[in-house]
Amino acid sequence: MSKRNSLKKTQRKKLRKRKRTKKLRNPLPSTAKTCSIIRAVRTCTTVETKKLAAEQCYIPKRLIHTWTGHNKPVNAIRFFPGTGHLLLSASSDKTVKLWNVDGDRHCLRTYMGHQEAVRDIHFTSDGTRFLSASYDKHVKLWDTETGQCIARFSSGKVPLCARFHPDNPNEFLAGQNNKKVVQWDVRQNKLALEYDEHLGPVNTVTFIDGNKKFVSTSDDKKMFIWEYGLPVVIKHIAEPDMHSMPAVAVHPSGKFYVGQSQDNQILVFTAINRYKLNRKKRFIGHLSAGYACELGFSPDGRYLMSGDAEGRLFFWDWKSQKIFKKMKCHDQVTIGCAWHPLDPSRVVTCSWDGTIKYWD
C-alpha cells in the first residue's frame, strides 16, 4: 500500500508541473493585458512629477501617431491623471475608448452602454474611475480597469458636462440643459444639491481657488462663481459685450482661468479674490464661433492652446499674448486638445473627423 501511495504522489506532482508549464506558455488574455497596463503606472514619485511639470515645455512639430477607432466625431479626450500613459476618448458613436499612449498605442478597452452620443468625460484624481455624460440623459460611472458600469445617474435632463470634485471622488457636479448645475452623491446615488440661477443651458463647470469654489458658464452669456456646497451665487460676471463661453481652462498656477468666447477670442479672468475679467489680456487669431473648442495649457504655464473651426491648432505665448505657432491638424473642427502631463513637447488633438492625433 505504501508503494502505491508513493506512486500516486509522484504522478500528482508530475501533473501539477505540467499544468504550471501550460499556464506559463499560454498568452495573457486581453482583459489581463488591459488590467496590467492600467496598473503599470509610471513609477515616478510626487517629487519627480513636480520636477517634470516644472521643466520647460516645447511646441510640437510633427505628427507621430493617429488613432482611428471611432466612426463618428470625437467630442472629448482626457489623459490619465498624473502619468498620461493612457488616453480616454468620448465620441458621437455612443462609445468611450481607452488607448495606450506608450508602446503599441492600440485600443485597450471600449466602454459601451450609452444610447446616444457621449458629450463629456472626466477621470477621478487617481484615474481608477471616470464619468461619461451623454445625450441619453444619463451620467455613468465606470471602473477604468474592469470596464464595468458602477452606477447611473439621471435627473431626466441632458448633462452637458460632468466634473468630479478634485478632493472628493464621491461627489460630482453636472451642468444640464435645464439651466441647472446638479451635485450628485455617488455613494447613495442621490441628488444632493441644485444650483439654479442660470437662464440657459449650463455648458461648463470648473473648480477654482483651491477647489473651494467653482465657475459655471451658460448660453445666457453669464458666468457665475459659486461656493461649493452652497447654492448661492457669490459673484456674477456679465458684461454687455460678453458672449457665451462653452469651454473653460485653469492656468497651472491656479491664479487665472480662461474662457473660449464665441466671438473668436479667449478671455482671461482672475481665479482668486475678486474673480474679475482682465481686460488687458486676451488671445485672438483663431475661428471658434459656433464650436465648443477646448482649451489647454502647457504644464509650465508658458503656452495656451486651442483648436479652431478650420481644423487648426493655435499656440499663444501666455505673457505676450502673441501667436507662437499654428498648424493644420484635422480636416474638420479641432474640438479637443490636451498637453501630456509629463512629456514636455507632446500634445493630443481630436476632431469631428473621427480621428485622434498625437504630436511631438
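Scroll up for the structure.
Right, let's walk through the structure included here. (Residues numbered from 1 in each chain as written. Predicted model: local features only at pLDDT ≥ 70, side-chain atom pairs only at ≥ 80, totals over all residues. Heavy atoms only, no water.)

Describing the overall build of the chain
- If you tally the helices and strands in the chain, you get three helices and 28 strands.
- Burial status across the chain gives 49% buried among its 360 residues.
- The long-range share in the chain, meaning contacts at least 24 apart out of those at least 6 apart in sequence, stands at 45%.
- Approximately 17500 Å² of the chain is accessible, and the part contributed by carbon and sulfur atoms is 50%. (Helix = DSSP H or I, 4+ residues; strand = E, 2+ residues; numbered from the N terminus. Buried < 20%, exposed > 50% of the residue type's maximum accessible area, 1.4 Å probe, protein only. Contact = heavy atoms within 4.5 Å. Areas by Shrake-Rupley, 256 points an atom, 1.4 Å probe, with all protein chains shown as cover.)

Some remarks on the sheet that holds strand S25 (residues 323-328)
- Strand order in this open sheet of four strands is S22-S23-S24-S25, and the pairing throughout is antiparallel. The strands lining the two open edges of the sheet, one partner per strand, are strand S22 (295-297) and S25. Each neighbouring strand pair of the sheet contributes to a mean axis angle of 20°, computed without reference to strand direction.
- Sheet topology note: the S22/strand S23 (residues 303-307) ladder contains three bridges and is antiparallel. Bridging across to S23, Phe297 finds its partner in Leu304. (Pairing = 2+ DSSP bridges. Axes fitted to C-alpha atoms, helices over the stretch in contact; angles between N-to-C directions.)

A few points about the sheet that holds strand S3 (residues 86-91)
- Pairing within the open sheet is antiparallel, and its four strands lie in the order S2-S3-S4-S5. The strands lining the two open edges of the sheet, one partner per strand, are strand S2 (74-79) and strand S5 (107-112). For this sheet, the mean inter-axis angle between neighbouring strands, taken without regard to orientation, is 20°.
- Pairing of strand S4 (residues 95-100) with S5, which is carried by five bridges, proceeds in the antiparallel orientation. Counted as the bridge partner of Lys97 is Thr110 from S5.

Topic: the pairing of S23
- Summarising burial for S23: five of the five residues are buried, a large majority.
- What you see with S23 is no split at all: Tyr303, Met305 and Gly307 on one side and Leu304 and Ser306 on the other are buried throughout.
- Connecting the antiparallel pair S22 and S23 is a turn made up of five residues, with Gly301 showing a positive phi of about 80°.
- The loop that links S23 with its antiparallel partner strand S24 (residues 312-317) comprises four residues; one of these, Gly311, has a positive phi angle of about 80°.

Structural notes on the packing of aromatic side chains
- What the rule picks out here adds up to 27 aromatic pairs.
- Taken together, a centroid distance of 5.6 Å and an interplanar angle of 65° make the contact between Phe80 and Phe123 edge-to-face. Of this pair, Phe80 sits in the loop between S2 and S3 while Phe123 is found in strand S6 (residues 118-123), placing the two residues 43 residues apart along the sequence.
- Connected via pairs of aromatic rings, a cluster forms that spans Tyr195, Phe207, Phe214, Phe224, Trp226 and Tyr228.
- Over the aromatic face of Trp318 sits the side chain of Lys281, whose NZ or CZ is 4.8 Å from the ring centroid. (Phe/Tyr/Trp six-rings, centres within 6.5 Å; stacked < 30°, edge-to-face > 60°. Lys NZ or Arg CZ within 6 Å of the ring centre and 35° of its normal.)

Here we look at the pattern of salt bridges
- By the definition in use, this model includes twelve salt bridges.
- The shortest N-O distance in the salt bridge between Glu239 and Arg279 comes to 3.5 Å. Here the residue Glu239 occupies a position in the loop between strand S17 (230-237) and strand S18 (248-250), and Arg279 occupies one in strand S21 (residues 277-284), the gap between them amounting to 40 residues.
- The closest approach of N and O atoms between Arg346 and Asp360, which form a salt bridge, is 3.3 Å. Within this pair, whereas Arg346 is found in the loop between strand S26 (334-339) and strand S27 (347-351), its partner Asp360 is found in the segment after strand S28 (356-359), the two being separated by 14 residues in sequence. Of the two residues, Arg346 and Asp360, both sit in the buried class.
- Three or more residues are tied together by salt bridges with common partners; here these are Arg78, Asp120, Arg163 and Glu294. (Salt bridge = Lys/Arg side-chain N within 4 Å of Asp/Glu carboxyl O.)

Here we look at the side chain of Lys97
- Along the polypeptide, Lys97 turns up in strand S4.
- Within the buried set, Lys97 has no salt-bridge partner at all; the shortest N-O distance to an opposite charge, 5.8 Å, is to Asp93.
- Looking at Lys97, its side chain comes within polar contact range of the side chain of Thr110, at 2.9 Å.
- In contact with Lys97, not counting residues within four places along its chain, are Gly69, His70, Leu87, Leu88, Ser89, Cys107, Arg109 and Thr110. (Lys, Arg positive; Asp, Glu negative; His and termini not counted. Polar contact = N/O pair within 3.5 Å; in protein donor to acceptor, adjacent residues only side chain to side chain.)

A short note on the environment of Glu116
- Relative to the assigned elements, Glu116 resides in the loop between S5 and S6.
- C-alpha of Glu116 to C-alpha of Ser134: the two residues are 18 residues apart in sequence and 6.2 Å apart in space.
- If near-sequence neighbours (up to four positions away) are discounted, Glu116 is found in contact with Lys94, Ser134, Tyr135 and Asp136.

Considerations on unusual backbone geometry
- With phi around 50°, Asn189 is a residue other than glycine that occupies positive phi space.
- By the secondary structure assignment, Asn189 is in the loop between strand S12 (180-185) and strand S13 (190-196).
- Of note, Asn211 is a non-glycine position whose phi angle comes to about 65°, a positive value.
- Along the chain, Asn211 falls in the loop between strand S14 (202-208) and strand S15 (213-218).

Regarding the side chain of Ser345
- Residue placement: Ser345 occurs in the loop between S26 and S27.
- Within the local environment of Ser345, its side chain forms a polar contact with the side chain of Asp360, the two groups lying 2.7 Å apart.
- If we ignore the near neighbours within four places in the chain, the residues touching Ser345 are Tyr58, Pro60, Trp339, Trp359 and Asp360.

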